[in-house]
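# Structural overview
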Amino acid sequence: MTPAPIVNVLSRADLDDRRRELLSSVGCSLYDLRDRAHEYELSIDELEVLRELERLEFLAGN
């Protein structure tokens, strides 16, 4: 039997909180993170943060 899928419903506040938490963890703005990604200057951890931030933007409809 296949287990039921797990669905997390996030409010706009949840998305904003997670975004702030992620940016705080890398110590820079999203603009700076994207700029450094463009120059291939991100660590693996920073790249994962950027990817999650982009997923959050998608979920938020941005």
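What counts as what
- Residues numbered from 1 in each chain as written.
- Predicted model: local features only at pLDDT ≥ 70, side-chain atom pairs only at ≥ 80, totals over all residues.
- Heavy atoms only, no water.
- Helix = DSSP H or I, 4+ residues; strand = E, 2+ residues; numbered from the N terminus.
- Rg over C-alpha atoms; globule rule 2.2 N^0.38 Å.
- Buried < 20%, exposed > 50% of the residue type's maximum accessible area, 1.4 Å probe, protein only.
- Contact = heavy atoms within 4.5 Å.
- Areas by Shrake-Rupley, 256 points an atom, 1.4 Å probe, with all protein chains shown as cover.
- Lys, Arg positive; Asp, Glu negative; His and termini not counted.
- Charge placed at Lys NZ, Arg CZ, Asp CG, Glu CD.
- Polar contact = N/O pair within 3.5 Å; in protein donor to acceptor, adjacent residues only side chain to side chain.
- Core = buried A, V, L, I, M, F, W, Y, C linked by side-chain atoms within 4.5 Å.

## Structural notes on the overall build of the chain
Per the secondary structure count, the chain includes three helices and zero strands. Counting from the amino terminus, the chain carries its helices and strands in the arrangement α-α-α. Rg of the C-alpha trace for the chain: 14 Å, well past the compact-globule value of 11 Å for 62 residues, more than 25% over. Once the C-alpha set of the chain is aligned to its principal axes, its extents read approximately 45 × 30 × 20 Å. Out of the 62 residues belonging to the chain, those deemed buried represent 21%. At a minimum sequence separation of 6, the contacts of the chain that also span at least 24 residues come to 43%. Looking at the chain as shown, the accessible area adds up to about 5100 Å², and 53% of this sits on carbon and sulfur atoms. Side-chain charges of the chain comprise 8 positive and 14 negative groups, with the mean position of each set lying 4 Å from the other.

## Some words on the environment of Arg20
Turning to its location among the elements, Arg20 is positioned in helix 1 (residues 12-26). Exposure remark for Arg20: the relative accessible area of 51% places this residue in the exposed category. Sequence separation of Arg20 and Asp45 is 25 residues, and the distance between their C-alpha atoms is 16 Å. A polar side-chain atom of Arg20 sits 2.5 Å from a polar atom in the side chain of Asp17.

## Quick word on the nonpolar core
The biggest cluster of nonpolar side chains holds 12 residues, and these are Leu15, Leu22, Leu23, Val26, Cys28, Leu30, Leu33, Leu42, Val49, Leu50, Leu53 and Leu56. Mapped by element, the contributors of at least two residues to this core are helix 1, helix 2 (30-38) and helix 3 (44-60). Aside from chain neighbours lying at most four places away, what touches Leu15 is Leu10, Leu56, Leu59 and Ala60.

## A word on the side chain of Glu46
On the secondary structure map, Glu46 appears in helix 3. At 2.9 Å, the side chain of Glu46 and the side chain of Arg36 are in polar contact.

## Details of the environment of Val9
Residue placement: Val9 occurs in the segment before helix 1. Residue classification places Val9 among the exposed positions, given a relative accessible area of 77%. In this structure, the C-alpha to C-alpha distance between Val9 and Leu22, residues 13 residues apart in sequence, is 19 Å.

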